[in-house]
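Examining the three-dimensional arrangement
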Amino acid sequence: MNLYGKSLSRTEVAALSGDLSQFGGVRLMTLGDGAERGVRLLEFRSGTGLRFTVLVDRAMDIADCEYNGMAVGWHSPAGFRNPALHDYEGEGGLGFLRSFSGLMVTCGLDHILFMEEVETGSYNYGPRPTAAHSIHGRVGTIPARLTGYGERWEGDDCILWAEGVVRQAAVFGEDLEMVRRIEIAVGSNEIRLHDRVRNRGFSETPHMFLYHINVGHPVLAEGARYLAPIRDVIWAGHAGSYRDQGVGYRTMPGPRAGFHEQVWEHDMAADADGMVSAALVNDALGFGFEVVTRKDQFPCMYEWQNLQAGHYAFGIEPSTHHVTGNRAARDRGEMIWLGHGDTRNYDTVFRILTDTDAIAAAEARTGAANQPTDDYPDISGAFPAIPGRARNEQET
């Protein structure tokens, strides 16, 4: 492994301390005060200055994330609230906003985006012909069953890992399971996330999935740049007032009082391996954050600008579906329908960009040289068809 500028064998690392935890490791803790009281978390330290926490009791989402004391992940005023305090259906379906914080919040497993009421005939239960979904679904505040965590040696490389199972289920409703595994090599700044979603039930069940990845200051700052392989700007939630706030998609301002969130959907170009890289970078600090996904797993990507003073955040949001939502996915024949035992896999990398060389490499990976140079590019409104979604051609 590479530690402190040296390449060290397992034996050499062992000789330098009484335990690897002096340099890095993963340990289980419980938060003890306020709205967070009772939430279990896993703290990862990779030995490079990277530290992040995984909320076991909130779908194993990533909460804190910092590098050498500089924050990467966003903390909202809501904090990392104990899910026992969460009211999923509260405030007309916007209760999610009282439990929304951290570097990554998982959305799904059967619904994402705004509130909608949709048919539930596949569950064969007459008293509940429809389901009223709140914003971004239920999964993000369901506690995981922690199946393991620790260290795994592969020769002279040490991998820190954790795995848990999150089950979203109801009688006469969905029975979906997400198995999440998070890994990072000691000496590395790359967090690797693997999710497997499976239908444990015997009813055909819709599946939608989104990562709400939230980057805060100091990565987000005045002049920070969004790098992404954008080949088309499909949609903007503020299309009717496109330039009124004076903030385009590419270059970020500092915090602004009264700023109204802006959301964009971009069509991204994948590289030769089918990967899509997107990043937010602060050139003044030589610091940034990159997200790498697979186009075949997450064909859609949103950009979230919450630049309001006191909330100041930037979101990179890979999604299985277009921003038009649940009913539109059904109408377009693009809903993912899972039969008994059907699964979907998702493989994602989060990468800390620690200097100008790392930013330059990310800029090359993202293909940012080809992204629109205008901060206010034309909006096409042309949502590309998502292949392989017709019920008779879906693959597990």
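Residues numbered from 1 in each chain as written. Predicted model: local features only at pLDDT ≥ 70, side-chain atom pairs only at ≥ 80, totals over all residues. Heavy atoms only, no water.

This part takes up the overall build of the protein. Across its full length, the protein holds three helices and 24 strands. Based on the C-alpha atoms only, the size of the protein along its principal axes is roughly 65 × 50 × 45 Å. Across the 396 residues in the protein, those meeting the buried criterion constitute 56%. Across the protein, the fraction of contacts at a sequence separation of at least 24, relative to all contacts at a separation of at least 6, is 67%. Averaging the coordinates of the 36 positive side-chain charges in the protein and doing the same for the 53 negative ones gives two points 4 Å apart. (Helix = DSSP H or I, 4+ residues; strand = E, 2+ residues; numbered from the N terminus. Buried < 20%, exposed > 50% of the residue type's maximum accessible area, 1.4 Å probe, protein only. Contact = heavy atoms within 4.5 Å. Lys, Arg positive; Asp, Glu negative; His and termini not counted. Charge placed at Lys NZ, Arg CZ, Asp CG, Glu CD.)

Our next topic: the sheet that holds strand β7 (residues 70–71). One open sheet holds the five strands; their spatial order is β3-β4-β5-β6-β7, and the pairing between them is antiparallel. Looking at the sheet topology across the chains shown, the edges are occupied by β3 (25–30) and β7. When β3 meets strand β4 (residues 40–45), the two strands line up antiparallel, connected through six bridges. Each bridged residue has a counterpart across the sheet, and for Met29 the counterpart in β4 is Leu41. (Pairing = 2+ DSSP bridges.)

Core analysis: the biggest nonpolar cluster contains 74 residues, and Phe44, Phe52, Ile62, Tyr226, Phe289 and Phe350 have the highest contact counts within it. Setting aside residues no more than four positions away along its own chain, Phe289 makes contact with Val72, Leu103, Ile213, Val215, Val219, Ala278, Ala279, Leu280, Phe350, Arg351, Ile352 and Leu353. Counting 22 residues, the second largest nonpolar core, distinct from the first, contains Phe96, Val105, Cys300 and Ala329. (Core = buried A, V, L, I, M, F, W, Y, C linked by side-chain atoms within 4.5 Å.)

Turning next to the pattern of salt bridges. Across all of its chains, the model carries 27 salt bridges by this definition. The shortest N-O distance in the salt bridge between Asp195 and Arg180 comes to 2.7 Å. Taken as a pair, Asp195 in strand β14 (residues 190–199) and Arg180 in strand β13 (residues 175–185) lie far apart in primary sequence, 15 residues in all. The exposure classification of Asp195 matches that of Arg180, with both residues buried. Measuring nitrogen to oxygen at the nearest pair gives 3.0 Å for the salt bridge that ties Glu290 to Arg351. (Salt bridge = Lys/Arg side-chain N within 4 Å of Asp/Glu carboxyl O.)

This paragraph deals with the sheet that holds strand β19 (residues 275–282). In any sheet, the strands associate via hydrogen bonds between backbone groups, in a parallel or an antiparallel arrangement. Pairing in this open sheet of eight strands is antiparallel, and the strands run β11-β12-β13-β14-β24-β20-β19-β16 from one edge to the other. The sheet is open, and its two borders are formed by β11 (145–154) and β16 (225–227), each paired with just one other strand. Along the sheet, successive strands turn relative to each other by an average axial angle of 15°, direction set aside. As defined by bridge partners, β16 adjoins β19 across three bridges and the pair is classed as antiparallel. Residue pairing for β19: Leu227 is matched across the bridge by Ala279. Relative to β19, helix α3 (residues 356–366) is tilted by about 140°, and along the sheet it contacts β16, β19, β20 (287–294) and β24 (343–353). (Axes fitted to C-alpha atoms, helices over the stretch in contact; angles between N-to-C directions.)

Nonpolar side chains collect at one region of the surface, where Tyr125, Val171 and Phe172 lie side by side and expose about 310 Å² of accessible area between them. Along the chain, Tyr125 turns up in the loop between β9 (116–119) and β10 (130–133). (Patch = residues over 30% accessible without salt bridge, like charges linked within 9 Å, V, L, I, M, F, W, Y side chains within 5 Å. Areas by Shrake-Rupley, 256 points an atom, 1.4 Å probe, with all protein chains shown as cover.)

Counted by the stated rule, this structure contains 18 aromatic pairs. Here Trp74 and Phe100 contribute two aromatic rings whose centre-to-centre distance is 5.2 Å and whose plane-to-plane angle is 70°, an arrangement assigned as edge-to-face. One end of the pair, Trp74, is in the loop between β7 and β8 (104–109); the other, Phe100, is in the loop between β7 and β8, and 26 residues separate them in sequence. Three or more aromatic residues joined by ring pairs make a cluster, and in this case those are Trp74, Phe96, Phe100 and Trp304. (Phe/Tyr/Trp six-rings, centres within 6.5 Å; stacked < 30°, edge-to-face > 60°.)

Counting buried positions over the eleven residues of β24 gives nine, a clear majority of the element. Relative to β24, β14 runs antiparallel, the two sharing nine bridges. Each residue of the ladder has a partner; that of Leu193, found in β24, is Thr348. Both β20 and β24 contribute to a ladder of five bridges, which runs antiparallel. When the bridges of β24 are listed, Glu290 appears paired with Arg351.

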